[in-house]
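# A closer look at the structure
In case you want the letters, here they are:
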Amino acid sequence: MSDQIGALRGVLVSTADNCAVNCRFCFRADVGRDVLSLDTYARALSRLREIGIDELCLSGGEPTDHPEFGRLVRVALQFGFRASVVTAARSGPRLDALAEVAGMLSHVTVSADSRKADELGRTGRTISSTPKVFEALGHHRASLHVTAYQLDDDDLTEIAAVVEAAEVPVEVSPLLPSPTFRFENPNLARDLELISTSFGMSDQLRTVVSDYHAWLHGSVQRSCESVRLYLSADGYLRRCPYDKSGQVSVTATRQAIHEALDRSFCTPPTTGLACMAICRPDNEG
Ligand SMILES: C[S@@+](CC[C@H](N)C(=O)[O-])C[C@H]1O[C@@H](n2cnc3c(N)ncnc32)[C@H](O)[C@@H]1O
Ligand code: SF4
């Protein structure tokens, strides 16, 4: 196994290509009908542990909608992974499924939207509906992630209330265009300033934002630096969620998987805009 493969730290797992929440601006890499099967998942985890990966983030689609969500978490733990989840769950079966395994998760990121982002994307993922999600977890290994579009004082008040009540950190990041949903944010500079002064910006977020500005002027040429692999719902491993050219099936031989991963370091995929937001060095969850 090469040193570069040994540097890989985690895997982002797409539990399904479809999503019933259906945010209009969703930038997930795969849109379709595939749902990750337990067989494919277990085979992938086995190969990933062999190359030293022990962190896994269940995403999607909406992971709590997966028919075997609880088993995905338990199987991850059985293989020796630390498992985290990114979720839009708020109530009903989604929240029940999350609460059932919450104690086993190393981290839960609860996604929400600013009021204008909610309006634009018709997401229903309000900030004010998150406290009962944090309460249901029964621990504080969690954070609030707010996707921001035209942030206003009401958003800031709501975020502050959640952070205080739930005792969890918040990360606010700008709404980014997706391949299928383009929009203008005339207040982007103001949003970024507000995010920076009100919440601070992580180094990762600063990188995304500067790439975003460069991208608007058509000048970004950056190769993938991700230390996290992506497992698609139809059973392929790849470095970049958005670039299928170097992907390898989890049913391939160990040698074929190693060779494909090695190649992904020799000729890394070029980053696109959405990828900058989720696939950056040192990102978590
Ligand atoms: C693709 S979702 C999958 C997990 C889960 N369904 C959720 O919404 O949390 C992962 C993250 O991407 C964020 N996201 C989706 N589309 C986005 C966009 N256009 N700009 C910024 N963030 C976006 C979501 O808010 C969420 O935090
Ligand atoms: S952002 Fe999450 S909840 Fe919204 S459509 Fe995408 S995957 Fe579904």
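Up top you'll find the structure we're talking about.
Residues numbered from 1 in each chain as written. Chains lettered and ligands numbered in written order. Predicted model: local features only at pLDDT ≥ 70, side-chain atom pairs only at ≥ 80, totals over all residues. Heavy atoms only, no water.

Quick look at the packing of helix α2 (residues 38–50) against helix α3 (residues 69–78) now. Close contact between α2 and α3 brings their axes to 11 Å; oriented N to C, the two are set at 20°. When the axis of α2 is compared with that of α3, the two are roughly parallel. Read as a crossing pair, α2 and α3 show a hand that is right-handed. Counting all contacts with α2, which are made through L38, Y41 and L45, the residues of α3 involved are R71, L72, V73, V75 and A76. (Axes fitted to C-alpha atoms, helices over the stretch in contact; angles between N-to-C directions. Helix = DSSP H or I, 4+ residues; strand = E, 2+ residues; numbered from the N terminus. Parallel < 35°, antiparallel > 145°, perpendicular 65-115°, else oblique. Left-handed = near helix turned anticlockwise from the far one by under 90°. Contact = heavy atoms within 4.5 Å.)

On to the nonpolar core, then. In a soluble, globular protein the nonpolar side chains are often hidden away together inside. Residues Y41, L56 and L98 are the most contacted members of the largest nonpolar core, which totals 62 residues. If we skip the residues at most four places from it in the chain, L56 touches V11, V13, Y41, L45, A76, F81, R82, A83 and S84. (Core = buried A, V, L, I, M, F, W, Y, C linked by side-chain atoms within 4.5 Å. Buried < 20%, exposed > 50% of the residue type's maximum accessible area, 1.4 Å probe, protein only.)

How two aromatic rings sit relative to each other is set out by the distance from centre to centre and by the angle between their planes. In this structure the tally under the stated criterion is zero aromatic pairs. The ring of F81 carries R49 above its face, with NZ or CZ at 5.9 Å from the centroid. (Phe/Tyr/Trp six-rings, centres within 6.5 Å; stacked < 30°, edge-to-face > 60°. Lys NZ or Arg CZ within 6 Å of the ring centre and 35° of its normal.)

This part is about the sheet that holds strand β7 (residues 228–231). Paired through their backbone hydrogen bonds, the strands of a sheet run either parallel or antiparallel. Across the sheet, nine strands lie side by side as β6-β5-β4-β3-β2-β1-β7-β8-β9; this open sheet has mixed pairing. Strand pairing shows two members of the sheet lacking a second neighbour, β6 (170–174) and β9 (248–249), which therefore form its edges. Across five bridges, strand β5 (residues 142–148) lies against β6 in parallel orientation. Residue pairing across strands places T147 opposite S173, the latter belonging to β6. (Pairing = 2+ DSSP bridges.)

In short, shape yes, function no, at least from these values alone.
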